[in-house]
Amino acid sequence: MAEQVKTSTTSTVAGQPLSSVPLVKSATAQIQAVPLPRRLVGARAWGIGAIVVIGALLPFALQNFYIFQLTLAMVYAIALIGLNMLVGYNGQVSLGHGALYAIGAYIAAILMNSYDWPYWLSVLPAGVVCLVFGYFFGLPALRLSGHYLALASLALAVTTPQVLKHKALEQWTGGFSGIVLSKPEVPFGLPINQDQWIYFFVYAIMLVLFLGAYNLLRGRIGRAMIAIRDQPIAAEAMGINSAIIKTSTFGVSAFYTGVAGALSAIVVQFVSPDSYDFFLSITLLVGIAVGGFATISGAIYGALFILLVPNFAGELSKSAPWAIYGVLLILVMYFLPTGFAGFVRMIGQRLSAMFTR
Amino acid sequence: MDALLHQIFSGIASGGIYAGLALALVMIYQSTGHINFAQGEMAMFSTYIAWELIDYGTPYWGAFFLTIVFAFAAGVAIERLVIRPFHNLPVIALIIVFIGLLVVVNSTASWIFGTTLKTFPSPFPSEPLWNNHYISNHELGSIGVVLIIVAILFVFFRYTTLGLAMRAVAENPISSRLVGIRVSWMLALGWGLAAAIGAVSGMLVAPILYLDSSMMGGVLIYSLAGAILGGLDNPWGAAVGGFIIGIMENVLGAYVIGTQLKFSVALIVIVVVLLLRPAGLFGRTVVTRV
């Protein structure tokens, strides 16, 4: 699903003071954007098709624990694509998406727990609530940029768990102890177990949302988002309504993250204020950085990174797993500044150059 | 009334601590234009060094100054080794690196020094001055130390060539380079000073909060709020902002919103200030030509 952004992105940093270095450079700004040769476009479509099919077959080949892990990775991937829309494509840094994830999870959990909604019906309302919330948070965000927006959204991330614990809401949120949910049943008498069913449920939603993101970001609106990120004034001069695009991006980004949060509540069957602390927001940001800013496929790599690497670091060193995690993070940023997606794309371009020469 | 005075005084005392770390944040912001999310963790690590030194039998003030030297060197080293390679990358990459640094320093500290709470001595006598029951000597002393740091910083930036060079680098690195300032060393110096100030604030916090690897997490948030409230480019402003946040936190926490949502005060302050007066109360509004 590697996409090429053909609009020119700023790469003239040298002549400007440091403070005006663009906030986010897309992968294409650093790696020469070479359009794929025609016959390879077809090959790429086949490749994506093959990955989709393999994804649908995986739950039949794996143990339940790994199915559960993969399901969680897909949930993260949905949240990451949402965050990447905002940070990678639109250049608005958010440290507050953990809060939106939490709101999505709680809306879904409360609908299922207090109002007896079926799990599959609770996902969309959670997303819509987050969409509205994100849109309104996007309004003050219009006045902020860079570090300042990061701080304001950090405020959102740190405050949300405290609000969730508050007594006035305890009737619905369950206060400190959170809400325990029941595991979804397999419908229609299908011959699969519950873990496999949840996997397919999440998988289907993820495919739809990825397709939506792909269409949105490759089209006119996506190019407008990138233009606002790279040259805000030129973008306005070209007739792009920067305020509407920015707030809507915030809204759509929040929708994706809210849906991911709702799905996480269904997958884990438990929500509590402490599972959505400030570190969740950081983890999400790390995910898109490692996966690759302004890329769609990066969401998958990023999700696998934030899910698997902490475990891996724990096996490498029992005493200081997080130190290893931090070092890995810095090394990845140093050696792969465009993330894994940029790396994969670079390899692909080298290969295609080799074959078409 | 007595209770209110109590809250105000303990607010001033914790404000002093926030002001200390806010100053460190301002140092790096002034010289590089970045907000160092790992500042609190670096301060915490330095405080552990001081604790080890005192544990080996070093007298308090000896350990105090040795720690400052260590923190300065560590700050310079981190800038040269970790931050420097990223200077051409976009801000967001640097934010990720700061987060990586935060995680590394935090977990290295709990790995080396263990996770048990440690008591940290205070250099000030324990009998309160004039037998008052509002404020302890340690709190008074911390406020004094913070005010001294602010004064030194003010003189340094206002009246020394080195301070002027550092301000120039923050303003316009390329022109500074052209007039012969060694830009990269100025940045490293900024990091060193920030780390040293952070270490002082860490050593002032530790007797109150007990030494622990998560000691500075909350302090960092309040300090950020203070620095933003006062203005990120102004040491005086940041210190005053730290004090205001300390008082607000205690008074509002006690009378208006309850201790449960105390944390949120700082964050609401951040958002409101950023929206109404992004440069802070005492900051300079920067006009950019486009």
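Definitions and cut-offs
- Residues numbered from 1 in each chain as written.
- Chains lettered and ligands numbered in written order.
- Predicted model: local features only at pLDDT ≥ 70, side-chain atom pairs only at ≥ 80, totals over all residues.
- Helix = DSSP H or I, 4+ residues; strand = E, 2+ residues; numbered from the N terminus.
- Contact = placed C-beta atoms within 7 Å.
- Rg over C-alpha atoms; globule rule 2.2 N^0.38 Å.
- Buried ≥ 20, exposed ≤ 12 C-beta atoms within 10 Å, placed from the backbone.
- Axes fitted to C-alpha atoms, helices over the stretch in contact; angles between N-to-C directions.
- Parallel < 35°, antiparallel > 145°, perpendicular 65-115°, else oblique.
- Left-handed = near helix turned anticlockwise from the far one by under 90°.
- Nonpolar A, V, L, I, M, F, W, Y, C, P; charged D, E, K, R; others polar.
- pLDDT = per-residue confidence, 0-100.
- Core = buried A, V, L, I, M, F, W, Y, C linked by C-beta atoms within 7 Å.

K.L.:
Describe the overall build of chain A, and please don't skip the residues or the numbers.
P.N.:
Counting its secondary structure elements, chain A contains 15 helices and two strands. In chain A, the share of contacts with a sequence separation of at least 24, taken over all contacts with a separation of at least 6, comes to 78%.

K.L.:
Quick one: what's the story with the overall build of chain B, residue by residue and with numbers?
P.N.:
Scanning chain B from N- to C-terminus turns up 11 helices and zero strands. Counting from the amino terminus, helix and strand elements in chain B follow one another as α-α-α-α-α-α-α-α-α-α-α. Relative to the globule expectation of 19 Å for 290 residues, the C-alpha radius of gyration of chain B, 19 Å, shows essentially globular dimensions. Along the first, second and third principal axes, the C-alpha atoms of chain B reach 60 × 50 × 35 Å. Taking all 290 residues of chain B together, the buried fraction comes to 52%. Sequence-distant contacts in chain B: of pairs separated by 6 or more residues, those separated by 24 or more amount to 75%.

K.L.:
Provide a residue-level description of the packing of helix α12 (residues 278-291) of chain A against helix α4 (residues 91-113) of chain B, including the pertinent values.
P.N.:
The N-to-C vectors of α12 of chain A and α4 of chain B enclose an angle of 125 degrees; their axes lie 10 Å apart at closest approach. The angle between α12 of chain A and α4 of chain B falls in the class oblique. The crossing of α12 of chain A and α4 of chain B is left-handed. Judged by residue contacts, Ile-282, Leu-285, Val-286 and Ala-289 of chain A of α12 of chain A engage Ala-93, Ile-96 and Ile-99 of chain B from α4 of chain B. Grouping the amino acids of the contact of α12 of chain A with α4 of chain B by side-chain chemistry returns seven nonpolar, no polar and no charged.

K.L.:
So, unusual backbone geometry: which residues are in play, and what are the values?
P.N.:
Residues and elements named next belong to chain A. We note that Gln-269 has phi near 60 degrees; this positive angle belongs to a residue other than glycine. Positive phi, close to 55 degrees, is recorded for Ala-294, a residue that is not glycine. Tracing the sequence through the fold places Ala-294 in the loop between α12 and α13 (298-316). Take Ala-294: there are 31 C-beta atoms within 10 Å of it, and that puts it in the buried class.

K.L.:
Could you give an account of the confidence of the model for chain B, with specific residues and numbers?
P.N.:
All names here are of chain B. Per-residue pLDDT for chain B averages 82, and the proportion of residues at 70 or more is 91%. Within chain B, the element-level pLDDT minimum falls on helix α11 (residues 262-276), averaging 74, and the maximum on helix α3 (residues 60-83), averaging 90. ipTM for the predicted complex: 0.80, alongside a pTM of 0.79.

K.L.:
Describe the confidence of the model for chain A, and please don't skip the residues or the numbers.
P.N.:
Residue and element names in this part refer to chain A. Residue-level pLDDT values for chain A average 79, and 87% of them are 70 or greater. The spread of mean pLDDT over the elements of chain A runs between helix α1 (residues 27-30), the lowest at 44, and helix α11 (residues 242-268), the highest at 91. Segment residues 1-22: pLDDT under 50, and 41 contacts once partners within four positions in sequence are set aside and those in other chains are kept. Across residues 25-33 the pLDDT falls below 50, and counting only partners more than four positions away or on other chains, this stretch makes 31 contacts in the model.

K.L.:
Can you lay out the nonpolar core for me, pointing to particular residues and giving the numbers?
P.N.:
Ranked by internal contacts, the top residues of the largest apolar core, which has 210 residues, are Ile-78 of chain A together with Leu-23 and Ile-270 of chain B. With near-sequence residues (within four places) excluded, Ile-270 of chain B lies in contact with Leu-151, Ala-152 and Ala-155 of chain A together with Leu-224, Ala-225 and Ile-228 of chain B.

K.L.:
Go over the environment of Tyr-222 of chain B with me, naming the residues and quoting the values.
P.N.:
Residue and element names in this part refer to chain B. Following the sequence through the fold, Tyr-222 ends up in helix α9 (residues 216-230). Between the C-alpha atom of Tyr-222 and that of Ser-176, which follows or precedes it by 46 residues, the distance is 33 Å. Residues contacting Tyr-222, with those up to four places away along its chain left out, are Tyr-18, Ile-245, Glu-249 and Ala-266.

K.L.:
Describe the environment of Leu-169 of chain A, naming the residues involved and giving the relevant values.
P.N.:
Residues and elements named next belong to chain A. With respect to the helices and strands, Leu-169 occurs in the loop between α6 (147-165) and α7 (170-173). Residue classification places Leu-169 among the partly exposed positions, given that 14 C-beta atoms sit within 10 Å. Sequence-wise, Leu-169 and Thr-249 are 80 residues apart; in three dimensions their C-alpha atoms are separated by 29 Å.

K.L.:
Now, about the environment of Arg-229 of chain A: what can you tell me, with residues and values included?
P.N.:
Checked against the element boundaries, Arg-229 of chain A lands in helix α9 (residues 220-230). The spatial distance from the C-alpha of Arg-229 of chain A to the C-alpha of Val-87 of chain A is 9.1 Å, given a sequence separation of 142 residues.

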